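Structural description and commentary
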Amino acid sequence: MDNREKLNSLIDEACKAHGVTLVELDMFQAGKRKTIRLYIDKPEGVSIDDCTAVSHFLSDALDLDPEIIPGAFTLEVSSPGLDRPLKSVADFLRNKGRFIRVTRSTGKPITGKLVEADEDNLTLTLKGNAGNVTIPRSQVLVAKVDVQI
């Protein structure tokens, strides 16, 4: 197993141990130091304690095998944030039941409660008694969670 596979395995283990899902992993070089940035989520939302627990678990595991990430590195663990665009089917499924705002290729935005998502389509329930609308994913320019106030 190479170092990237070991790292992915440790990240998976850390997320499972703390009941969160990995949303995104960014690794990049910042000067002489590598930065590993994890975005985690769970249905009820991620707390600071969740981020801290995953960070400590992963940091301790990486300290045991310094060959996985040679040299100095920074580990960052955070939630993806509400304004993060939804891109993958997993992103949409995680937000099922929430209101989302979709800007289509026509430029016209539409807001509704996400009731279904797959590789091809999104189905939203519109406010009031307007019913459901199915939007082909190929027409989605940007989709974000619409925070209801």
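As shown above, the structure is provided for reference.
Below you will find a few notes about this structure. Here the structure is a predicted model, which means the values were calculated and not measured.

**Quick word on the layout of surface pockets**
What the largest pocket holds in volume is close to 210 Å³. Along the wall of the largest pocket there are 15 residues; nearest its centre are Asp41, Pro80, Gly81, Leu82 and Arg98. A class-by-class count of the residues in the lining of the largest pocket yields six nonpolar, four polar and five charged.

**Regarding the packing of aromatic side chains**
Under the defined criterion, the tally for this structure stands at zero aromatic pairs. Lys127 extends its terminal NZ or CZ atom over the ring of Phe99, reaching a point 5.6 Å from the ring centre.

**What to know about helix 2 (residues 48–64)**
Here helix 2 spans 25 Å end to end across 17 residues, near enough to the 24 Å set by a 1.5 Å rise per residue. On its buried face, helix 2 sits against helix 1 (3–17), strand 2 (33–41) and strand 3 (73–78). Capping the start of helix 2 is the job of one residue whose side-chain oxygen sits 3.3 Å from the backbone nitrogen of Asp49: Ser47.

**Side note on the sheet that holds strand 1 (residues 21–30)**
The three strands lie next to each other as 1-2-3, forming an open sheet whose pairing is mixed. Both outer strands of the open sheet, strand 1 and strand 3, are each paired with one neighbouring strand and no more. Adjacent strand axes in the sheet meet at a mean angle of 15° when their direction is disregarded. Across nine bridges, the pairing between strand 1 and strand 2 is antiparallel. When the sheet's bridge partners are listed, Ala30 is paired in strand 2 with Arg33. Along the sheet, helix 1 contacts strand 1 and strand 2; its crossing angle with strand 1, the most-contacted strand, is approximately 140°. Packing of helix 2 onto the sheet brings it into contact with strand 2 and strand 3, and relative to strand 3 it is tilted by some 150°.

**Description of the pairing of strand 4 (residues 99–104)**
Residues Ile100, Val102 and Arg104 point to one face of strand 4 and are all buried, whereas Phe99, Arg101 and Thr103, pointing to the other face, are not buried. Pairing analysis gives five bridges linking strand 4 to strand 5 (residues 109–117), with the strands arranged antiparallel. Following the sheet pairing, Thr103 is matched in strand 5 by Pro109. Where strand 4 folds back onto strand 5 in an antiparallel hairpin, the turn is made up of four residues, including Gly107, whose phi is positive at roughly 90°. Where strand 4 and strand 8 (residues 140–145) come together, five bridges link them in antiparallel fashion. Along strand 8, the bridge assignment pairs Val102 with Ala143.

What counts, and at which threshold
Residues numbered from 1 in each chain as written. Predicted model: local features only at pLDDT ≥ 70, side-chain atom pairs only at ≥ 80, totals over all residues. Heavy atoms only, no water. 1 Å grid on protein atoms, 1.4 Å probe; cavity = no way out; pocket = protein on both sides within 12 Å on 5 of 7 lines; lining within 4 Å. Points joined across faces, edges and corners; volume = space filled by probe spheres on them. Nonpolar A, V, L, I, M, F, W, Y, C, P; charged D, E, K, R; others polar. Phe/Tyr/Trp six-rings, centres within 6.5 Å; stacked < 30°, edge-to-face > 60°. Lys NZ or Arg CZ within 6 Å of the ring centre and 35° of its normal. Helix = DSSP H or I, 4+ residues; strand = E, 2+ residues; numbered from the N terminus. Expected span 1.5 Å × (residues − 1). Contact = heavy atoms within 4.5 Å. Polar contact = N/O pair within 3.5 Å; in protein donor to acceptor, adjacent residues only side chain to side chain. Pairing = 2+ DSSP bridges. Axes fitted to C-alpha atoms, helices over the stretch in contact; angles between N-to-C directions. Buried < 20%, exposed > 50% of the residue type's maximum accessible area, 1.4 Å probe, protein only.

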